[in-house]
Amino acid sequence: MSYENALQRYIDATNTHHFENVKQLLHPNAVYWFSDRTCKTTHEIQSYFENSWDTIKDEVYSISDVHWLVTEENTATCIYTYHYEGVLNGKFVSGSGRATNVFVKINEEEWKIIHEHLSSL
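None of these values were measured; they are calculated from a predicted model.

Undergrad: Break down the nonpolar core for me, with residues and values.
TA: Formed by 28 residues in total, the largest nonpolar core has its most connected members in Tyr10, Val22, Tyr32, Ile45, Phe49, Tyr80 and Phe103. Only helix 1 (3-14), helix 2 (19-23), strand 1 (26-33), helix 3 (42-55), strand 4 (75-88), strand 5 (91-105) and strand 6 (111-120) provide two or more residues apiece to this core. In terms of residues, this core owes the most to one element, helix 1, which gives 6 residues. Ignoring any residue separated from it by four or fewer positions in sequence, one finds phenylalanine 103 in contact with Ala6, Leu7, Trp68, Asn74, Thr75, Ala76, Cys78, Trp111, Lys112 and Ile113.

Spelled out as structure tokens, the structure:
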């Protein structure tokens, strides 16, 4: 799997709304920076994801304008615009923001996310 495929698998896993699918793509030492919180453990990341899925029902997450800043043998870093839409308190909502993902290669074919930084626009 390439780092590009790892990013797409991550977006697909996020849209399943099942954290076990997302967890498969996370490095055990992953750190997430959200606009309102830093998550330093897999359990904290899981809680944040599940709270988001509970808050915005039927959320669909997508990305655009992906730009790979650094691609080396064992690391890859990209920036992109993220988009979400879903139902909040019975009303359709949508929004977007900026994201950075850092991937590390942990074996010959497997890329994992070690860092994500999201910020709203």
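Now, onward.
Undergrad: Which residues make up the packing of aromatic side chains, and what are the values?
TA: Within this structure, the stated rule accounts for 9 aromatic pairs. What links up through ring pairs into an aromatic cluster is the set Phe19, Tyr32, Phe34, Tyr48, Phe49 and Trp53.

Undergrad: I'd like a rundown of the side chain of glutamate 116, residues and numbers included.
TA: Looking at the element boundaries, glutamate 116 is found in strand 6. It turns out glutamate 116 is buried and unbridged, and the closest side chain with the opposite charge, arginine 37, is 13 Å from it. Side chain to side chain, glutamate 116 and asparagine 101 meet in a polar contact 2.7 Å long. Not counting the four nearest positions on each side in its chain, glutamate 116 is found in contact with Tyr10, Val31, Tyr32, Trp33, Phe34, Tyr80, Thr100 and Asn101.

Undergrad: Describe in detail the pairing of strand 3 (residues 57-71), supporting the description with residues and values.
TA: Sheet faces and side chains relate simply in a regular strand, where the side chains alternate between the two faces. One ladder, built from 10 bridges, connects strand 3 with strand 4; its direction is antiparallel. Counterpart to valine 70 in the pairing with strand 4 is threonine 77. Following strand 3, the chain reverses through 3 residues before pairing antiparallel with strand 4.

Undergrad: An account of helix 3 is needed here, citing residue identities and associated values.
TA: Taking 1.5 Å of rise per residue, 14 residues should cover 20 Å, and helix 3 covers 20 Å from first to last C-alpha, within 8% of that figure. Within helix 3, burial applies to Ile45, Tyr48, Phe49 and Trp53. In a view along the axis of helix 3, the buried residues occupy a sector of 130°, so they form one face of it. Turned more than 90 degrees away from the buried face of helix 3 sit His43 and Asp54, all of them exposed. Buried residues in helix 3 make contact with helix 1, helix 2, strand 1, strand 2 (38-39) and strand 3.

Undergrad: Give me the lowdown on the sheet that holds strand 5, citing residues and values where you can.
TA: Read across the sheet, 6 strands follow the order 2-1-6-5-4-3 without closing on themselves; strand pairing throughout is mixed. Edge strands, defined here as strands with exactly one partner in the open sheet, are strand 2 and strand 3. Taken together, the 9 bridges between strand 5 and strand 6 define a ladder with antiparallel strand orientation. Paired with glycine 97 across the strands is serine 120, a residue of strand 6. Docked against the sheet, helix 1 engages strand 1, strand 3, strand 4, strand 5 and strand 6, running at close to 165° with respect to strand 3. Docked against the sheet, helix 3 engages strand 1, strand 2, strand 3 and strand 4, running at close to 60° with respect to strand 1.

Analysis parameters
- Residues numbered from 1 in each chain as written.
- Predicted model: local features only at pLDDT ≥ 70, side-chain atom pairs only at ≥ 80, totals over all residues.
- Heavy atoms only, no water.
- Core = buried A, V, L, I, M, F, W, Y, C linked by side-chain atoms within 4.5 Å.
- Buried < 20%, exposed > 50% of the residue type's maximum accessible area, 1.4 Å probe, protein only.
- Helix = DSSP H or I, 4+ residues; strand = E, 2+ residues; numbered from the N terminus.
- Contact = heavy atoms within 4.5 Å.
- Phe/Tyr/Trp six-rings, centres within 6.5 Å; stacked < 30°, edge-to-face > 60°.
- Lys, Arg positive; Asp, Glu negative; His and termini not counted.
- Salt bridge = Lys/Arg side-chain N within 4 Å of Asp/Glu carboxyl O.
- Polar contact = N/O pair within 3.5 Å; in protein donor to acceptor, adjacent residues only side chain to side chain.
- Pairing = 2+ DSSP bridges.
- Expected span 1.5 Å × (residues − 1).
- Arc of directions from axis to C-beta.
- Axes fitted to C-alpha atoms, helices over the stretch in contact; angles between N-to-C directions.

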